[in-house]
Amino acid sequence: MELKIRNLRKDYGNFPALNGVNLDIRSGELIALLGPSGSGKTTLLRAIAGLESPDGGQIFFGDNDASRQSVQHRHVGFVFQHYALFRHMKVLDNIAFGMRHGQGPKQSEAVIRKRVLELLDLVQLNGLEGRYPAQLSGGQRQRVALARALAIEPKVLLLDEPFGALDAQVRKGLRRWLRQIHEETGHTTVFVTHDQEEAMELSDRVAVLHKGDLQQVGTPDEIYDSPATPFVYAFIGDSTSLPVTITNGAATFEGAPLSVGRVDPPDGPGRIHIRPQDVTLVAAGQGVVDGRIIGLRRSGPYRRADIAVGQHAHRIEALLPPELDVSIGDQFGLAFKRYAAFADDREPPKLGLAREKQAA
Amino acid sequence: MPQFRTPSAIPGFGLTYGFVWLYLSIIILIPLGAVVLWASSLGPERLYAILTRSDTFAALRLSFSLSLLAAAVNAVFGLIVAWVLTRYSFPGKRLLDASVDLPFALPTAVAGIALTAIYAPNGWIGSLFAPGSLWASVFGPLKIAYTPLGIFVALVFIGLPFVVRTLQPVLIDLDKELEEASATLGARRPTTLFRVVFPTLFPALLTGFALAFARAVGEYGSVIFIAGNIPGVSEIAPLLIITRLEQFDYAGATAIATAMLALSFAILLLVNVTEAWSRKRLGHAR
């Protein structure tokens, strides 16, 4: 089922949770809604399900305007972060709930039981139909919750931080497994996450939200390699930046021209964003700018260097191979393999954190 | 297998354990044991003879049936009160919430006098059902005070806070996502309430029911004013015990007391077993 979201608005008091969001979700795709907390991603998911009533805009299921439909009639599968299993029911009755008490055609108990056993097989929980949720592990409970949502043959499957309450190990396993289930069943699937790694690994496309605005929609590659806004650049992966002045597509840093080639944003104050892995060290005077190493620390297989650049000691982060012989105080030239330029919004992006102001 | 005692960094087990035994013995176990002991000295034939006397039997039946009925009514309406007080916000909510505790806080005699005054045939509510009222002209007159119906009203009054206060914390903790999950699966509101919400509340509801029942069986102060105390009709068992004592019939009083003890114990045991079973099913007792 194809989904079209048109100009969706939701306000909590004066605070806009959704600020006129437009999003097309393709039939059969697995799409992630990614953003920091308070970005509106869960509100959007709940609005699709009908659990939240928007203040404006429309949601189309196919060509059908579902905006006024009740939760019961939208026919969506919803998986909650904390499973929301019915504790007084056995696994079988949990999964059968939607078939027994839902709005679909009434089925015989034999048919329902057969379907439940098929679903248990799909989620790899064969033989556990007689257990109560309290007797299952967290990962097993989430799989029961998914089977329960799939049992009603939903038009769209919605998952709200489905792995958020699980251990890192279990989470990785379930991620691969969810992708597999998606390929087997082919349901249009929307899931909410604040974990960019999860969004990148799992989904066909990622929609990045910030403060109720849709920032960018694209494949994980597009999101990572060509971020559309400074927020996306700062939120996805690591980056640091330099303030520049842009005139006719050329950037100047502290009065000296910056040899980075053409930059697109309108003339005026701007910012050049660089990811740590795109910074390489060359001899002083040979790079784009010169800098001095002010900090070094080990980070996994790499070494991270903090490099002070220019009169105001702007900090640029570089990811260096550990065998490179550098020490604090060394002067180098910096070359940028890639960079992105945006018009300035005064506040430098904080690593991995939401930014307060947005680009014009 | 629980060990009687394991070495611990927190001392004091011996002292407090001894204190618990001493305290419970003086306050609960010895007095109740004495009642059973005295009753057993009567011998089974006399015990049977006392309990099957028509007025004794009627009083016991009245006390237990009305207490069960009042607790059941409170379970239903207490649930509604607790639901409204936890789920919605409205002006005057805190005042309403505080008023639930009044039956707890009032001296029972005050409650008894107040209820009697209101429900007597010339009282505010009683007069609505008294001969000559609109109700009486349609359904015939209904006497509330000085009948078993009056006792029932008093027992409902004193039992309500037990149900409401037991349910409130459980309702606050009740995960709204359960109801949302049920709705996304296509269940209408009544189905969600009866299949998802109420089963989850059941253990707490049973506890509230048991507490309200226990309080109602033992209630004396608020009931004797409104009951009218007509032997065989509106005389409750605790009052009968007093009557026997005033007649220096200690054997009779003890026999009735033992019967009440045994019946209450049996009913509370049944309730607790059911509750433990349903709690275990819900996965509380992990």
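- An unreviewed UniProt entry lists chain B under the name Sulfate transport system permease protein CysT, from Chenggangzhangella methanolivorans.
- As stated in UniProt under Sequence similarities (unreviewed entry), the record for chain B gives "Belongs to the binding-protein-dependent transport system permease family. CysTW subfamily."
- As stated in UniProt under Subunit (unreviewed entry), the record for chain B gives "The complex is composed of two ATP-binding proteins (CysA), two transmembrane proteins (CysT and CysW) and a solute-binding protein (CysP)."

- Per an unreviewed UniProt entry, chain A goes by the name Sulfate ABC transporter ATP-binding protein and belongs to Chenggangzhangella methanolivorans.
- Reading the Sequence similarities (unreviewed entry) entry of the UniProt record for chain A gives the comment "Belongs to the ABC transporter superfamily."

### Remarks on the overall build of chain A
Okay, so step 1: The helix and strand tally for chain A stands at nine helices and 20 strands.
Okay, so step 2: Taking the principal axes of the C-alpha coordinates as reference, chain A spans close to 80 × 45 × 30 Å.
Okay, so step 3: Scored against the burial criterion, the 360 residues of chain A give a buried share of 53%.
Okay, so step 4: Carbon and sulfur atoms form 47% of the exposed surface of chain A, whose accessible area is close to 15700 Å².

### Some thoughts on the pairing of strand β3 (residues 30-34) of chain A
Residue and element names in this part refer to chain A.
Okay, so step 1: The buried fraction of β3 amounts to five of the five residues, a majority that puts the element mostly inside the structure.
Okay, so step 2: Judged by which residues are buried, β3 turns out to be covered on both faces: L30, A32 and L34 on one side and I31 and L33 on the other are all buried.
Okay, so step 3: Both β3 and strand β8 (residues 188-193) contribute to a ladder of five bridges, which runs parallel. When the sheet's bridge partners are listed, A32 is paired in β8 with F191.
Okay, so step 4: Two strands pair when backbone bridges link them, and β3 and strand β9 (residues 205-210) are joined in this way by four bridges, in the parallel orientation. When the bridges of β9 are listed, L33 appears paired with A207.

### Here's the deal with the interface of chain B and chain A
Okay, so step 1: Contact residues are listed per partner, giving 22 residues for chain B and 26 residues for chain A.
Okay, so step 2: For the pair chain B and chain A, the two sides together bury roughly 2300 Å², of which 60% comes from carbon and sulfur.
Okay, so step 3: When the buried surface of chain B facing chain A is broken down by residue, T184, L185 and R281 of chain B rank first, second and third, together holding 30% of it.
Okay, so step 4: At the surface where chain B touches chain A, the tally comes to one salt bridge.
Okay, so step 5: With a closest N to O distance of 2.7 Å, R46 of chain A and E180 of chain B form a salt bridge.
Okay, so step 6: The interface formed by chain B and chain A includes five residue pairs in polar contact (both at pLDDT 80 or more).
Okay, so step 7: Elements represented by at least two residues in the side of chain B that touches chain A include exactly α10 (176-184), α11 (189-218) and α14 (250-282) of chain B.
Okay, so step 8: It is α10 of chain B that contributes the most residues to the side of chain B that touches chain A, seven residues altogether.
Okay, so step 9: For the side of chain B that touches chain A, the residue count by class is eight nonpolar, seven polar and seven charged.

### Focus on the side chain of T56 of chain B
Residue and element names in this part refer to chain B.
Okay, so step 1: With respect to the helices and strands, T56 occurs in helix α3 (residues 54-87).
Okay, so step 2: Residue class for T56 comes out buried when judged on its relative accessible area of 0%.
Okay, so step 3: Side chain to side chain, T56 and D55 meet in a polar contact 3.4 Å long.

### Brief notes about the confidence of the model for chain B
Okay, so step 1: Mean pLDDT over chain B works out to 89, with 97% of the residues at or above the 70 mark.
Okay, so step 2: With pTM at 0.79, the complex prediction returns an ipTM value of 0.81.

### A closer look at the domain arrangement of chain A
Okay, so step 1: Splitting chain A by domain gives domain 1 (3-225) and domain 2 (238-343).
Okay, so step 2: One C-alpha centre belongs to domain 1 of chain A, the other to domain 2 of chain A, and the line joining them spans 41 Å.

### A look at the side chain of T43 of chain A
All names here are of chain A.
Okay, so step 1: Within the secondary structure layout, T43 lies in helix α1 (residues 41-49).
Okay, so step 2: For T43, a relative accessible area of 10% translates into the label buried.
Okay, so step 3: Among all residues touching T43, those that are not within four sequence positions of it are K10, Y12, A17, L18 and E52.

### Details of the UniProt feature "domain: ABC transporter" (unreviewed entry) in chain A
Okay, so step 1: What UniProt calls "domain: ABC transporter" (unreviewed entry) maps, in this numbering, to residues 3-236 of chain A.
Okay, so step 2: In residues 3-236 of chain A, helix accounts for 38% and strand for 26%; the two terminal C-alpha atoms are 25 Å from one another.

### Quick notes on helix α6 (residues 108-119) of chain B
Since the α-helix advances by 3.6 residues per turn, residues separated by three or four positions end up pointing in the same direction.
Residue and element names in this part refer to chain B.
Okay, so step 1: If you check α6, its first and last C-alpha atoms are 16 Å apart, about what twelve residues at 1.5 Å a residue would give, namely 16 Å.
Okay, so step 2: Within α6 the residues assigned to the buried category are A111, G112, L115, T116 and Y119. When α6 is viewed along its axis, its buried side chains cluster within an angular range of 125° and face the same direction.
Okay, so step 3: Check the buried side of α6 and you find it contacts α7 (126-129), α9 (148-173) and α12 (221-227).

### Topic: the nonpolar core
Side chains that are nonpolar tend, in soluble globular proteins, to be buried together.
All names here are of chain A.
Okay, so step 1: The biggest cluster of nonpolar side chains holds 46 residues, and the ones touching the most others in it are I95, V116, L146, V208 and I236.
Okay, so step 2: Here this core gets six residues from one element, more than from any other, and that element is helix α5 (residues 138-150).
Okay, so step 3: When neighbours within four sequence positions are excluded, I95 is seen to be in contact with V116, L119, L120, V144, A147, R148 and A151.
Okay, so step 4: By size, the runner-up hydrophobic cluster in this structure holds 39 residues, among which are L23, L45, V76 and F80.

### Points about the packing of aromatic side chains
Okay, so step 1: Using the criterion set out here, one finds eleven aromatic pairs over all chains in the structure.
Okay, so step 2: With a centroid separation of 6.4 Å and an interplanar angle of 70°, the aromatic rings of Y233 of chain A and F342 of chain A are classed as edge-to-face. Of the two residues, Y233 of chain A is situated in helix α9 (residues 230-235) and F342 of chain A in strand β20 (residues 340-343); the sequence distance between them amounts to 109 residues.
Okay, so step 3: Between F104 of chain B and F162 of chain B, the ring centres sit 4.8 Å apart and the planes meet at 70°, which makes this aromatic pair edge-to-face. One end of the pair, F104 of chain B, is in helix α5 (residues 102-105); the other, F162 of chain B, is in helix α9, and 58 residues separate them in sequence.

### Observations concerning the UniProt feature "transmembrane region" (unreviewed entry) in chain B
Residues and elements named next belong to chain B.
Okay, so step 1: Feature annotation in UniProt assigns "transmembrane region" (unreviewed entry) to the following positions: residues 20-39, 60-84, 104-124, 144-164, 193-213, 220-242 and 248-271.
Okay, so step 2: The straight-line gap between the two end C-alpha atoms of residues 193-213 is 25 Å; of that span, 100% is helix and 0% is strand.
Okay, so step 3: Annotated as residues 248-271, this span is 92% helix and 0% strand, and its ends, taken at the C-alpha atoms, are 36 Å apart.

### Side note on the pairing of strand β4 (residues 56-61) of chain A
All names here are of chain A.
Okay, so step 1: Where strand β1 (residues 3-12) and β4 come together, five bridges link them in antiparallel fashion. By the bridge assignment, R9 is partnered in β4 with G56.
Okay, so step 2: Bridging between β4 and strand β5 (residues 64-65) involves two bridges; their strand directions are antiparallel. Bridge pairing in β5 places F61 opposite N64.
Okay, so step 3: Between β4 and β5, which follow one another and run antiparallel, lie two residues, and G62 among them has a positive phi close to 65°.

What counts as what
Residues numbered from 1 in each chain as written. Chains lettered and ligands numbered in written order. Predicted model: local features only at pLDDT ≥ 70, side-chain atom pairs only at ≥ 80, totals over all residues. Heavy atoms only, no water. UniProt positions renumbered as here; feature names shortened; annotations may be inferred. Helix = DSSP H or I, 4+ residues; strand = E, 2+ residues; numbered from the N terminus. Buried < 20%, exposed > 50% of the residue type's maximum accessible area, 1.4 Å probe, protein only. Areas by Shrake-Rupley, 256 points an atom, 1.4 Å probe, with all protein chains shown as cover. Pairing = 2+ DSSP bridges. Contact = heavy atoms within 4.5 Å. Buried area = accessible area lost by both parts, 1.4 Å probe. Salt bridge = Lys/Arg side-chain N within 4 Å of Asp/Glu carboxyl O. Polar contact = N/O pair within 3.5 Å; in protein donor to acceptor, adjacent residues only side chain to side chain. Nonpolar A, V, L, I, M, F, W, Y, C, P; charged D, E, K, R; others polar. pLDDT = per-residue confidence, 0-100. Domains from an automatic or database assignment. Expected span 1.5 Å × (residues − 1). Arc of directions from axis to C-beta. Core = buried A, V, L, I, M, F, W, Y, C linked by side-chain atoms within 4.5 Å. Phe/Tyr/Trp six-rings, centres within 6.5 Å; stacked < 30°, edge-to-face > 60°.

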